[in-house]
Amino acid sequence: RLRDTPEDICFEATANAIALHPARPLLAAGDVDGDVYLYSYSCTEGENRQLWSSGHHLKSCRDVAFSQDGQKLFTVSKDKSIHVLTVEEGRLETRFPKAHGSALNCVLPIDNHIFATGDDDGGLKVWDLRKGDAILEARQQEEYISAMAVDGNGKILLTASGDGTLGVFNVKRRRFELVSELQNGDLTSVVLLKRGKKVACGSSEGTIYLFNWDGFGAASDRFALRAESVDCMVPITDSIVCVGSLDGVIRAVNVLPNRVLGCVGQHLGEPIEQLAVAPGRQLLASCAHDQKVKFWDISALGGLVVDDYRKKKKKGVPLRALSSKAAGSGEDFFADLRDEAEPEPAAAGSDSD
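The rules behind the values
Residues numbered from 1 in each chain as written. Predicted model: local features only at pLDDT ≥ 70, side-chain atom pairs only at ≥ 80, totals over all residues. Heavy atoms only, no water. UniProt positions renumbered as here; feature names shortened; annotations may be inferred. Helix = DSSP H or I, 4+ residues; strand = E, 2+ residues; numbered from the N terminus. Rg over C-alpha atoms; globule rule 2.2 N^0.38 Å. Buried < 20%, exposed > 50% of the residue type's maximum accessible area, 1.4 Å probe, protein only. Lys, Arg positive; Asp, Glu negative; His and termini not counted. Charge placed at Lys NZ, Arg CZ, Asp CG, Glu CD. Pairing = 2+ DSSP bridges. Axes fitted to C-alpha atoms, helices over the stretch in contact; angles between N-to-C directions. Contact = heavy atoms within 4.5 Å.

- By the naming in an unreviewed UniProt entry, the protein chain is WD repeat-containing protein 55, taken from Ibidorhyncha struthersii.
- On record in UniProt, under Subcellular location (unreviewed entry), the comment for the protein chain is "Nucleus".

Considerations on the overall build of the protein chain
So, step 1. Helix and strand content of the protein chain: one helix and 30 strands.
So, step 2. Taking 2.2 N^0.38 as the reference for a compact globule, 353 residues should give roughly 20 Å; the C-alpha atoms of the protein chain span a radius of gyration of 20 Å, in line with that estimate.
So, step 3. Each principal axis of the C-alpha distribution contributes one length, and for the protein chain these read about 60 × 50 × 30 Å.
So, step 4. Taking all 353 residues of the protein chain together, the buried fraction comes to 58%.
So, step 5. When the 41 basic and 51 acidic side-chain charges of the protein chain are each reduced to a single mean position, those positions are 4 Å apart.

As for unusual backbone geometry
So, step 1. Cis peptide bonds are those with omega within 30 degrees of zero, and the linkage from Leu 256 to Pro 257 qualifies with 0°.
So, step 2. With respect to the helices, strands and loops of the structure, Pro 257 is situated in the loop between β24 (249-254) and β25 (259-266).
So, step 3. Its identity is not glycine, yet Arg 226 carries a phi of approximately 60°, on the positive side.
So, step 4. Relative to the helices and strands, Leu 256 is located in the loop between β24 and β25.
So, step 5. In this structure Leu 256 comes out as partly exposed when scored by relative accessible area, which is 31%.

Thoughts on the sheet that holds strand β15 (residues 156-161)
So, step 1. One open sheet holds the four strands; their spatial order is β14-β15-β16-β17, and the pairing between them is antiparallel. A single partner strand is all that each edge strand has here, and the edge strands are β14 (145-150) and β17 (175-179). Going from strand to strand, the sheet's axes swing by 25° on average, the running direction of each strand aside.
So, step 2. Relative to β17, strand β16 (residues 166-170) runs antiparallel, the two being bridged by four bridges. Within the sheet, the bridge partner assigned to Val 168 lies in β17 and is Leu 178.

Some points on the environment of Leu 268
So, step 1. Along the chain, Leu 268 falls in the loop between β25 and β26 (272-277).
So, step 2. A residue is classified by how much of its surface remains accessible, and Leu 268, at 60% relative accessible area, is exposed.
So, step 3. It is 11 Å that separates the C-alpha atoms of Leu 268 and Ser 245, two residues lying 23 residues apart in sequence.

What to know about the environment of Asp 308
So, step 1. Residue placement: Asp 308 occurs in the loop between β28 (292-297) and β29 (314-318).
So, step 2. Taking the C-alpha atoms as reference points, Asp 308 and Lys 197, separated by 111 residues in sequence, lie 19 Å from one another.
So, step 3. Aside from chain neighbours lying at most four places away, what touches Asp 308 is Pro 257 and Arg 259.

Quick look at the sheet that holds strand β6 (residues 61-66)
So, step 1. Read from one edge of the open sheet, four strands run β6-β7-β8-β9, paired in antiparallel fashion. If you trace the sheet from one side to the other, it starts and ends with β6 and β9 (92-96), each paired once. With direction set aside, neighbouring strand axes in the sheet form an average angle of 15°.
So, step 2. As defined by bridge partners, strand β7 (residues 72-77) adjoins strand β8 (residues 82-86) across five bridges and the pair is classed as antiparallel. Pairing of Val 76 across the sheet is with Ile 82, part of β8.

Here you go:
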């Protein structure tokens, strides 16, 4: 039987991190016990399969990422180690046991040889697998590195930090460029939008901060979501991001004009740890504290057109459901979800909050 989305994948421990393969229907996950799993997923019922698992990390696996060619899987852990596994069989190919002086928090492949890692103390390292060592080391931020992004040329690396700053590094020249002024709350995520001309950062205060590509010193705009937090964020189109929050809700948000479009899905009452987008941008995967990875149909998001004109808000209207699994079926769910919303015109219907 065919489904709109693959079935949930359940884990024995909370999955901290997930990644979707750039070309194939494969999902990698790392959990709080330090185990890493690879699954194949399918919209055919009963066809999700665990392909292998790896228990090399001694402590919680904090992040996982596929290489750009899809042949390697990078994993980082609270035990300060970086592992590079083969995707086909899960064999440990390269290991950096004491990669940083403190627990690692995130990893970002930049090309097939170069990748970056960030730690709990604001430390950043850029590594070259051909040399087997770091080619750039910096500690310009005072709190944990929560997320990283790189431009399309693999030249400028951006780091979001728990100290409320955005760091800018030049990978090609192997140097630190600048750090932004402080924003309110921890910066939890960073993505590129508008064909690389805008950078959006999520914060623990529930605000999205926007930066111009050539103006990283100060935010050019900010957008408060009326969500408890913005814990993770992934770009879906040039203007639309999906945002995971402490309240367990995944919101679709349009940037410039700034609108909350509606609810894509939810892990009821469970903070969302990470989001990942499948190739083709039709499916979104999410992991939360309920020990499940869930899949959401986001195919409708690409066709949404957001009007610049902003109508007067009405209070107490629930978030609009943007997928068949986004809880529009019960009032109990929406009791927690009261958000300011705009009435939708029958024809356009895409500019509601």
